[in-house]
Every structure is written in C-alpha cells, then in structure tokens.
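Close look at the chain arrangement
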Amino acid sequence: MKKGIALLITIGFIAVLTALIAYMFSISNKTFEEVERIEAKNQNSILLNDVVVILNDYAKELKDSDSLATFLQGPPLFYDQKSDLSLDVKLSSLSNKININSILIKNKKNEYIIKFLENICEKYNVLDSSFFIALILDSIDTDDISIQAQSEINQTNIKFSNSRIINPHHLDTILTYYIDKTNDENILHVPWNKLIYFGKSKDEVLDCDRMSKELTSTLGLGNEGLFTCELINSKEDKEIAKNYNLKKFTNEFSYYVATKVSYKIGSLESDFSFVYDLKTGKVSNIEFFN
C-alpha cells in the first residue's frame, strides 16, 4: 500500500516537474523571440538610417535622366566579412506611374485622372466604371457620405481606412469589394502595378522617359511602344503631356523611388521597404516585413 502511494506521489511529482519545465521552456522561447524581435527592429532602424545616408549622397549627383538611370540600377550587393552582413538594395521609379490619390486634392476632383480610370475600365472591360471610380473617390475622401449606393466601404467594413489608398493591399480590398457587389472579375486583369502608385494627395510630375507601354497606351499617347519624352511631338500628345504633367527628369521637382532592402547579419534575416524622395531626401511609407 505504502509502495503504491509512493509511486503515485513520484508520478505526480514528475508530472508537475515536467509541466514546470515545459512552462519555463515556453517562457524562455517567448523571451528569446521577443529579444530577436527587438534586435531585428533595432537592426532595421540602423540599416534604414544607413541606407538613407547612402541615397542622400548619390542623390546629390543626379542632374539629368541619364544619371537617374544609373542611380536606379542600385548599389551592388554588399557583404562585410567582419560583421557577416550581406545587404541588397533594390530601387525602382514610382514617378513613372499615376499617383491614384491625386484624383482628389482638397476635395477637388482631378478630371484627367478620372478619365484615366475610365480608359482603364474601357481597355480591360471593367463593366461598371462609374461604381469603381466612386469607390476610389470614397476611399480617398474623408467623409462617410456615399457618392453612389454602396460606394462607401467603411459603412459595411468598419476596419476599412479612408482618406487615402495606402498600398496594394488596400487597393485589393477595394477590388474585392467591387467584385462582390458587381460580380465583375475583369478588374483583376488590370496591371495596376504598371499604372498607378500610392503617394500623398498632391500634384506630381510623371516621368515620360520611364512609363510602361501599358501606361502610355492607357493615357492615349500616339506611340505605344518604347516611349520617351522626345516623342511628344503631335498636338494630341502635347495636350496629354500637359494634362498629366509629363516631364523629363530634373532635380528641380520631387521624384519618388521605391526602395526595398534585404539583409542578413549572422542568423538574423529581415527586409523592409520605403519610399524615397530624390529632391528632399525624405522617407515615407516605411514597412518592416519581419
């Protein structure tokens, strides 16, 4: 009898000890993960500052479209043996696309960007252009009043953010909502990444030397192949250039560059992105992915 009780006590003790070890291990894991998270965050901040300093140095030398082309190739892959740091920085122009948020500036509609969206809908067979444009406008304005029936998404989705379309994920929410209300999936065929980007609501310059053929075609420019500023010759093209503020690059106006940074230092791997303004050196839209 005593042996049976002793055995039960021993088994109970082992069970409690096992549970305690598992709990301590769980806490240690969480602590380690938190330390890793903090370390990654600190490293991201350090590298963000370092990359911006490098970009600032290079941006000072940009005078014309040719020097910009060299800049956009980005720095070569960097590796430092002493710190075991590998760093990859990729750059791409954003100012070669239409800023979708500029469709509405201080509650004033930009009729040319509205026309641009109408052209997109016609080109890619989007069936209800009026409703889609209303969705875009209602996603950028700051009120809760629907332009059309059901065009104010935050009336049914309280988590939906108004006042600006922030990024491609935000746009995807709008596209999904459009499809849900219209059963029209043609909108998924639009190559949005070649046509628009998500800046602040303000007038901006469009780089006519680096537009995609999809964009030149949608704008209605005469040459749908490889397009450059020098090809703006006809009366119609000059009118389009004026309406959409097409210009050759100079360092006199803000020019936005998407910057993607990937790095590995020891066992730590992470990446982040931001938008860099060549003129001011200001950084916006910072996103940390790990």
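Residues numbered from 1 in each chain as written. Predicted model: local features only at pLDDT ≥ 70, side-chain atom pairs only at ≥ 80, totals over all residues. Heavy atoms only, no water.

**Examining the overall build of the protein chain**
The line we're drawing: Put simply, DSSP marks the helices as runs of H or I at least four residues long and the strands as runs of E at least two long, and each gets a number from the N terminus on. When accessible area is computed with a 1.4 Å probe and restricted to protein chains, residues below 20% of their type maximum are described as buried, those above 50% as exposed, and intermediate ones as partly exposed. Working rule for contacts: check all heavy atoms of both residues, and any pair within 4.5 Å makes them a contact. In these tables, accessible area is a Shrake-Rupley quantity obtained with a 1.4 Å probe, and a residue counts as shielded only by the protein chains included in the view.
Along the backbone of the protein chain there are 8 helices and 11 strands. Counting all 290 residues of the protein chain, 41% fall into the buried class. Nonlocal contacts in the protein chain, meaning residues at least 24 apart in sequence, comprise 57% of its contacts between residues at least 6 apart. When the accessible surface of the protein chain is totalled, it reaches about 17200 Å², and 56% of it is carbon and sulfur.

**Here's the deal with the sheet that holds strand β2 (residues 85-93)**
The strands making up a sheet associate through backbone hydrogen bonding, with each pair oriented either parallel or antiparallel. Put simply, the test is: The criterion for strand pairing is that DSSP finds at least two bridges linking the strands in question. Each axis is a line fitted through C-alpha atoms, taken for helices only over the stretch in contact, and angles between the N-to-C directions span 0 to 180 degrees.
Judged by pairing direction, the sheet is antiparallel, and its 5 strands sit side by side in the order β1-β2-β9-β10-β11 without closing on themselves. Each of the sheet's edge strands pairs with one partner strand only, and the pair in question is β1 (78-80) and β11 (283-288). For this sheet the average axis-to-axis angle between neighbouring strands, irrespective of direction, equals 15 degrees. In terms of strand pairing, strand β10 (residues 268-277) meets β11 through 4 bridges, oriented antiparallel. Considered in β11, the bridge of F272 is made with F288. Helix-sheet contacts for helix α2 (residues 65-72) involve β2 and β9 (256-265), and the interaxial angle to β2 is about 140 degrees.

**Quick word on the confidence of the model for the protein chain**
For clarity, the cut-off: Residue-level confidence of the predictor, termed pLDDT, takes values from 0 up to 100.
Scored by pLDDT, the protein chain has a mean of 86; 84% of the residues are at 70 or more. Confidence over residues 5-36 falls short of pLDDT 50; this stretch has 0 contacts with residues more than four positions distant or in other chains.

**A closer look at the nonpolar core**
Convention followed: The criterion is simple. A nonpolar core is a set of buried Ala, Val, Leu, Ile, Met, Phe, Trp, Tyr and Cys residues joined through side-chain atoms within 4.5 Å.
Counting 47 residues, the largest nonpolar core has F116, L117, F132, I136, W192 and L219 as its most contacted members. Going through the elements one at a time, α3 (111-123), α4 (129-140), α5 (168-182), α6 (192-195), α7 (213-219) and α8 (235-243) are the ones with two or more residues in this core. If one sorts the elements of this core by residue count, α4 sits on top with 7 residues. In contact with F132, not counting residues within four places along its chain, are L117, C121, I174, L175, Y178, I187 and W192. In terms of nonpolar packing, the next biggest core, distinct from the first, is built from 26 residues, V205, F253, Y255 and F274 among them.

**Observations concerning the pairing of β2**
Covered by surrounding structure in β2 are L85, L87, V89, L91 and S93 only, the residues S86, D88, K90 and S92 on the alternate face being uncovered. Note: β2 against β9, 9 bridges, orientation antiparallel. Residue pairing for β9: V89 is matched across the bridge by V261.

**Notes on the packing of aromatic side chains**
As a reminder, the rule being used: Each pair of aromatic rings taken from Phe, Tyr and Trp, with Trp reduced to its six-membered ring, is defined by centres within 6.5 Å and is described as stacked if the planes are under 30 degrees apart, edge-to-face if over 60, and tilted in the remaining cases.
In the structure shown here, the tally under the stated rule is 10 aromatic pairs. Centroid distance F132 to Y178: 5.9 Å. Interplanar angle 80 degrees. Geometry classified as edge-to-face. Remark: Y178 occurs in helix α5 and F132 occurs in helix α4; sequence separation between them is 46 residues. Where F249 meets F253, the ring centres are 6.2 Å apart and the plane angle is 80 degrees; that geometry is what we call edge-to-face. F253 matches F249 in its accessibility class, with the two residues each being buried. Feature note: the residues F131, F132, Y178 and W192 constitute an aromatic cluster, connected by ring pairs.

**Points about the state of the cysteines**
What counts, and what does not: Put simply, a disulfide is two cysteine sulfurs that come within 2.5 Å.
Under the definition given, this model contains 1 disulfide. One disulfide in the model links C208 with C229; its S-S distance is 2.0 Å. Across the disulfide from C208 to C229, rotation about the S-S bond amounts to roughly 100 degrees, and the bridge is consequently right-handed. Note that C208 is positioned in the loop between β7 (206-207) and α7 and C229 in the loop between α7 and α8, a separation of 21 residues in sequence.

**Observations concerning the environment of Y255**
Under the convention used in this document: Under this definition, polar contacts are N or O atom pairs within 3.5 Å; protein pairs additionally need one hydrogen-donor-capable and one acceptor-capable atom, and for neighbouring residues in sequence, both atoms have to be side-chain atoms.
Considering the arrangement of structural elements, one finds Y255 in the loop between β8 (246-247) and β9. Sequence separation between Y255 and D277 is 22 residues, and the spatial gap between their C-alpha atoms is 5.4 Å. Apart from residues no more than four positions distant in its own chain, Y255 is found in contact with L68, S93, S95, D207, R210, F249, Y276, D277 and L278. At 2.8 Å, the side chain of Y255 and the side chain of S93 are in polar contact.

**Thoughts on the packing of α3 against α4**
Spelled out, the test is: An angle counts as roughly parallel when it lies under 35 degrees, as roughly antiparallel when it exceeds 145, as roughly perpendicular when it falls between 65 and 115, and as oblique in every other case. What makes a crossing left-handed is the near helix being turned counterclockwise from the far one by less than a right angle; a clockwise turn instead makes it right-handed.
Two numbers describe how α3 lies on α4: the axes approach to 10 Å, and their chain directions differ by 135 degrees. Judged by the angle between their axes, α3 and α4 are oblique. With respect to the hand of their crossing, α3 and α4 are arranged in right-handed fashion. Within the contact between the two elements, α3 uses I114, L117, E118 and C121 and α4 uses S129, F132, I133 and I136.

**Considering the pattern of salt bridges**
The condition is simple: The rule for a salt bridge is simple: a side-chain nitrogen of Lys or Arg has to be within 4 Å of a carboxyl oxygen of Asp or Glu.
Considering all chains together, one arrives at 6 salt bridges under this definition. In this structure, D209 engages K248 in a salt bridge whose closest nitrogen and oxygen atoms are separated by 2.8 Å. Highlighted residues: D209 in the loop between β7 and α7 and K248 in the loop between β8 and β9, separated in sequence by 39 residues. A relative accessible area of 37% means that K248 is categorised as partly exposed.

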